[in-house]
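Chain by chain, the residues run as shown.
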Amino acid sequence: MSTGFFNDIGTIKYEGPGSDNPLAFRHYNPDEVIMGKRMEDHLRFAVAYWHSFAWEGGDPFGGRTFNRPWYPQDNMGKSKIKADIAFEMFQILGAPYYCFHDADIRPEGDNFAQSRRNLEEIIDIFAHKQEETGIRLLWGTANLFSHKRFMSGASTNPDPDVFAYSAATIKSCMDATHKLGGENYVLWGGREGYETLLNTNLAQEDAQMGRMLNMVVEYKHKIGFKGSILVEPKPQEPSKHQYDYDAATCYGFLKRHGLEKEVKLNLEQGHAILAGHSFEHEIATAASLGILGSIDMNRNDYQSGWDTDQFPNNVPEVALAYYHILKDGGLKTGGTNFDAKLRRQSIDAEDLLHGHIGGMDICARGLKAAAAIIEDGTYDQIVAERYSNWNGEEAQKMLQGEYSLDDIASYVEQADVNPEPKSGRQEYLENLINRFV
Ligand code: XUL
Ligand code: CO
């Protein structure tokens, strides 16, 4: 039964590129087969509960701008209304997945046990709704950054009681995710970092964070959770410096704590930009290290320098992201989560639909372009050719460690090795890629 929140708008349909209906898809066609797989199964879209249903439209200079029937979000009755409308929106959009933090979906209790009971009550409702609608959970996570108890970090807090409270919260969120058949569990280190080095012991905080993630992995195996454990890199905001800075930094952390085979990454476009990278840099880096898990597909405003969490609208950027994902074999347990929010002036219920429809269409265009690049093959061939001399016998011996530095030095003199520079062909490659995007 419709809640009426979306004015009884029916499900959004694919109408093709010529459609001028703003409430239709022009490119996202779930059943269209791309490289042997349905588009829906490639993209695995998820709606983020927090931005669409918990965030009230505030910014550092002003409060709530939205008016929603589930405000104030401080009691179970309102949480249930919010759940009804959230699942209605997932269905209208035809989004196969959603994601949540504990704090998005339930009111905070007077103590930990009450908060956990509130969570469990809502999880039972979600389980029922999932069964009714076929909508699934892409990932669950714990909000270990909003409440003031986490102001100095969660697992990296100088107070062991906060570490313990965080561990208990993560356990309850892993239980909830497991119960709902979630396909991943995410840890974003919201305040796992520092505001000033003057009060911070880096080695101590690294040990705490490493122990917490090891416990998460131990618990995953204990309960038989089959999904992936994902860490989400971000360099700063809210903290001045966050330890999970970027993909490469996270890999170092995982290696240091013996977790590189157990944990993968959830990469966010906006976080990549904050770290001074491109999104495709983060994706390609994770893929090359074997730890690409899932993506948060939301961009930042390039002028403001903040994590503005906007819906994607740049096809060339999105195409390169999906190119590297396809080359890595696709998203597997991961998905395309819109960790994206409306602008605070977009106060209508319908704006929530426009944001997602546009994002889904942009991703579909990016995916199609990426597939076309791969199917054409010219680009891959040029890159392969660039390294092709490494296939030679002597080059392979150098790479495999059969020659030492002095062996190679003698060879260079004997054979009078005198390399001729070759063009990197950047402009040619840019033009080639632009043929597809
Ligand atoms: C914050 C962010 C989070 C994580 C989940 O920048 O991206 O929403 O995705 O905690
Ligand atoms: Co995110």
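To start, this report covers the structure provided alongside it. (Residues numbered from 1 in each chain as written. Chains lettered and ligands numbered in written order. Predicted model: local features only at pLDDT ≥ 70, side-chain atom pairs only at ≥ 80, totals over all residues. Heavy atoms only, no water.)

Observations concerning the pattern of salt bridges
A side chain with one charge can pair with a side chain of the opposite charge if their charged atoms come near. Under the convention used in this document: Salt-bridge detection follows one rule: a side-chain nitrogen of Lys or Arg within 4 Å of a carboxyl oxygen of Asp or Glu. Under the scheme applied here, a residue whose accessible area is under 20% of the maximum for its type counts as buried, over 50% as exposed, and between as partly exposed, the area being computed with a 1.4 Å probe on protein chains only.
What the rule picks out here adds up to 23 salt bridges. Between Arg38 and Asp31 there is a salt bridge whose closest N-O contact spans 2.7 Å. The partner of Glu40 in a salt bridge is Arg38, with the nearest N and O atoms 2.9 Å apart. With a relative accessible area of 18%, Glu40 lands in the buried category. For Arg38, a relative accessible area of 27% puts it in the partly exposed group. Residues joined in a network through salt bridges with shared partners are Asp31, Arg38, Glu40 and Asp41.

Side note on the packing of aromatic side chains
Let me state the cut-off plainly: For this analysis, a ring pair means two rings from Phe, Tyr or Trp (six-membered ring only for Trp) whose centres lie within 6.5 Å, classed as stacked if their planes differ by under 30 degrees, edge-to-face if by over 60, and tilted for the remaining angles. Throughout this description, the term charge over a ring refers to an Arg CZ or Lys NZ atom that lies within 6 Å of the ring centre and within 35 degrees of the ring normal.
Taken as a whole and judged by the stated rule, the model has 25 aromatic pairs. Aromatic ring contacts, followed pair by pair, group Phe5, Phe6, Tyr49, Phe53, Trp70, Tyr71, Phe87, Phe90, Tyr98, Phe100 and Phe126 into a single cluster. Over the aromatic face of Tyr428 sits the side chain of Arg425, whose NZ or CZ is 4.3 Å from the ring centroid.

Notes on helix H7 (residues 202-223)
Note the cut-off: Per the convention used, a helix needs a DSSP run of H or I reaching at least four residues, while a strand needs a run of E reaching at least two, with both numbered from the N terminus. A helix's residues, less one, multiplied by 1.5 Å, set its expected span. We call two residues contacting when some pair of their heavy atoms lies within 4.5 Å. Polar contacts, as counted here, are pairs of nitrogen or oxygen atoms within 3.5 Å of one another; within protein the pair requires one atom able to donate a hydrogen and one able to accept it, and residues that are adjacent in sequence qualify only if both atoms are side-chain atoms.
The end-to-end C-alpha distance of H7, which contains 22 residues, comes to 32 Å, matching closely the 32 Å that a straight helix rising 1.5 Å per residue would cover. Among all positions of H7, only Glu205, Asp206, Gln208, Met209, Gly210, Met212, Leu213, Val216, Val217, Tyr219 and Lys220 are buried. On its buried face, H7 sits against helix H6 (160-179), strand E8 (184-188), strand E9 (193-194), strand E10 (228-232), helix H8 (247-256) and strand E12 (263-268). For H7, the capping residue at the N-terminal end is Asn201, with a side-chain oxygen 3.3 Å from the backbone nitrogen of Ala203. Where H7 ends, the next residue or the one after it, Gly224, has phi of about 75 degrees, a positive value.

Examining the coordination of the cobalt ion (ligand 2)
As a reminder of what qualifies: Each metal site is built from N, O and S donor atoms within 2.8 Å (3.2 Å for Na, K and Ca), and since water is not included, such sites may look incomplete. Only two sets of limits are used to name each site, 85 to 135 degrees for every angle of a tetrahedral four-donor site, and over 155 degrees for opposite donors with all other angles from 65 to 115 for a square planar four-donor or octahedral six-donor site, with any other site named irregular.
All of the protein donors around the cobalt ion (ligand 2) are Glu232 (OE), Glu268 (OE), Asp296 (OD) and Asp339 (OD); their distances to the metal are 1.9 to 2.1 Å. In this structure, the cobalt ion (ligand 2) is surrounded by 6 donor atoms whose angles at the metal cover 80 to 174 degrees, and the resulting shape is octahedral. Expressed as a motif, the donor residue spacing for the cobalt ion (ligand 2) is E-x35-E-x27-D-x42-D. Of the two residues, Glu268 sits in strand E12 while Asp296 sits in strand E13 (residues 292-296), which places them 28 residues apart along the sequence. Here the two residues Glu268 and Asp296 agree in accessibility, since each one is buried.

Describing unusual backbone geometry
Following Tyr71, the chain continues to Pro72 via a peptide bond in cis, the omega torsion being -5 degrees. Along the chain, the position of Pro72 falls in the loop between helix H2 (49-54) and helix H3 (76-93). For the bond running from Glu237 to Pro238, omega is 10 degrees, close enough to zero to count as cis. In this structure, Arg44 is a non-glycine residue whose phi angle is positive, near 50 degrees. Positive phi outside glycine occurs at Lys332, with the angle close to 50 degrees.

Keep in mind these values describe shape, not function.
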